[in-house]
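# What the coordinates show
One letter stands for each residue in the lines below.
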Amino acid sequence: VQLQASGGGGLVQTGGSLRLSCAPSGRTFSTYTMGWFRQAPGKAREFVAAISGSGTLIEYVDFVKGRFTISRDNAQNTVYLQMNSLKPEDTAVYYCAADPRWKTVARMEVYAYWGQGTLVTVSS
């Protein structure tokens, strides 16, 4: 499975919105758990959100609840991260990841596949 995250790369103002996409290739991903992580400059990579293959299980880290929404379109083989009310502290490289299981989804080490990140920059 190859993953490609997109949707970042520009500058968004505080309070603005951005939608990231992740499009796996190589095989049908509808049974895979998909996760979003982010890594700010000088900081460790951290969990943001995850969604199960069917979309019925979703988990968010506390600091994005109510602002970010993870979703997926299995027909389009794409997972999304809608980010609203962006803050400067959301500035980071965002990565998508995939794994066949739904298990401790907040932990990086459970994901078998990772994509290249996309940079999100929020201006103050």
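Here the structure is shown first, and the text comes after it.
One structure accompanies this document, and this report is about it. Here the structure is a predicted model, which means the values were calculated and not measured.

This brings us to the state of the cysteines. Under the definition given, this model contains one disulfide. Cys 22 shares a disulfide with Cys 96; S-S distance 2.1 Å. When the S-S torsion is 60°, as for the bridge of Cys 22 with Cys 96, the disulfide is right-handed. Placement of Cys 22 in strand E3 (residues 18-22) and of Cys 96 in strand E9 (residues 92-99) is noted, with a sequence separation of 74 residues between them. The pair Cys 22 / Cys 96 is uniform in exposure class, with both members buried.

This part takes up the sheet that holds strand E7 (residues 68-73). Each strand in a sheet pairs with its neighbour through backbone hydrogen bonds, running either in the same direction (parallel) or in the opposite one (antiparallel). Reading across from one edge, E1-E3-E8-E7 is the order of the four strands in this open sheet, with antiparallel pairing throughout. The open sheet is flanked by strand E1 (5-6) and E7, the only strands paired with a single partner. In the sheet, E7 pairs with strand E8 (residues 78-83) via six bridges, with the strands oriented antiparallel. Along E8, the bridge assignment pairs Ser 71 with Tyr 80.

So, about the pattern of salt bridges. Per the counting criterion, the structure on display carries six salt bridges. A salt bridge links Arg 107 to Glu 109; its shortest N-O distance comes to 2.6 Å. With relative accessibility at 45%, the residue Arg 107 sits in the partly exposed group. Residue Glu 109 is classed as exposed on the basis of its relative accessible area of 54%. Connected through shared salt-bridge partners, Arg 38, Glu 46, Arg 67 and Asp 90 make up one network.

This paragraph deals with the nonpolar core. The biggest cluster of nonpolar side chains holds 34 residues, and the ones touching the most others in it are Met 34, Trp 36, Leu 81 and Tyr 94. Mapped by element, the contributors of at least two residues to this core are E3, strand E4 (33-39), strand E5 (46-51), E7, E8, E9 and strand E11 (118-123).

The backbone phi angle of Asn 77 is positive, close to 55°, even though this residue is not glycine. By the element assignment, Asn 77 lies in the loop between E7 and E8. The backbone of Thr 104 shows a phi angle near 40°, a positive value even though the residue is not glycine. Classification of Thr 104 as partly exposed rests on a relative accessible area of 43%.

For E8, the buried fraction is high: five of the six residues fall into the buried class. As judged from the five bridges shared by E3 and E8, these two strands associate in the antiparallel manner. From the neighbouring strand, Arg 19 faces E8, where its bridge partner is Gln 82.

Moving on, we come to the packing of aromatic side chains. Both the distance between ring centres and the angle between the ring planes are used here to describe each pair of aromatic rings. Applying the stated rule across the entire model yields five aromatic pairs. Where Tyr 32 meets Tyr 113, the ring centres are 6.1 Å apart and the plane angle is 50°; that geometry is what we call tilted. Placement of Tyr 32 in the loop between E3 and E4 and of Tyr 113 in strand E10 (residues 113-114) is noted, with a sequence separation of 81 residues between them. Ring geometry for Phe 37 against Phe 47: centres 5.5 Å apart, planes inclined by 70°, an arrangement best described as edge-to-face.

Cut-offs applied
- Residue numbers run consecutively from 1 along every chain, following the written order of its sequence.
- Restriction of local features to residues with pLDDT of at least 70 applies here, the model being predicted, together with a cutoff of 80 or more for giving and counting side-chain atom pairs; totals for whole chains, interfaces and linings are based on all residues.
- For side-chain calculations, the full set of non-hydrogen atoms in the structure is used, while hydrogens and water are omitted.
- By convention in this document, the label disulfide applies to cysteine sulfur atom pairs within 2.5 Å.
- Per the convention used, a helix needs a DSSP run of H or I reaching at least four residues, while a strand needs a run of E reaching at least two, with both numbered from the N terminus.
- Per-residue accessibility, obtained with a 1.4 Å probe over protein chains only, is compared with the maximum for each type, and a residue is labelled buried under 20%, exposed over 50%, and partly exposed between these values.
- By definition, two strands form a pair when at least two bridges between them are found by DSSP.
- Throughout this description, the term salt bridge denotes a Lys or Arg side-chain nitrogen within 4 Å of a carboxyl oxygen of Asp or Glu.
- As used in this record, nonpolar core signifies buried Ala, Val, Leu, Ile, Met, Phe, Trp, Tyr and Cys residues forming a set joined through side-chain atoms within 4.5 Å.
- Pairing of aromatic rings covers Phe, Tyr and Trp, the last counted by its six-membered ring, and requires centre-to-centre distances within 6.5 Å; plane angles under 30 degrees mean stacked, over 60 mean edge-to-face, and any other angle means tilted.

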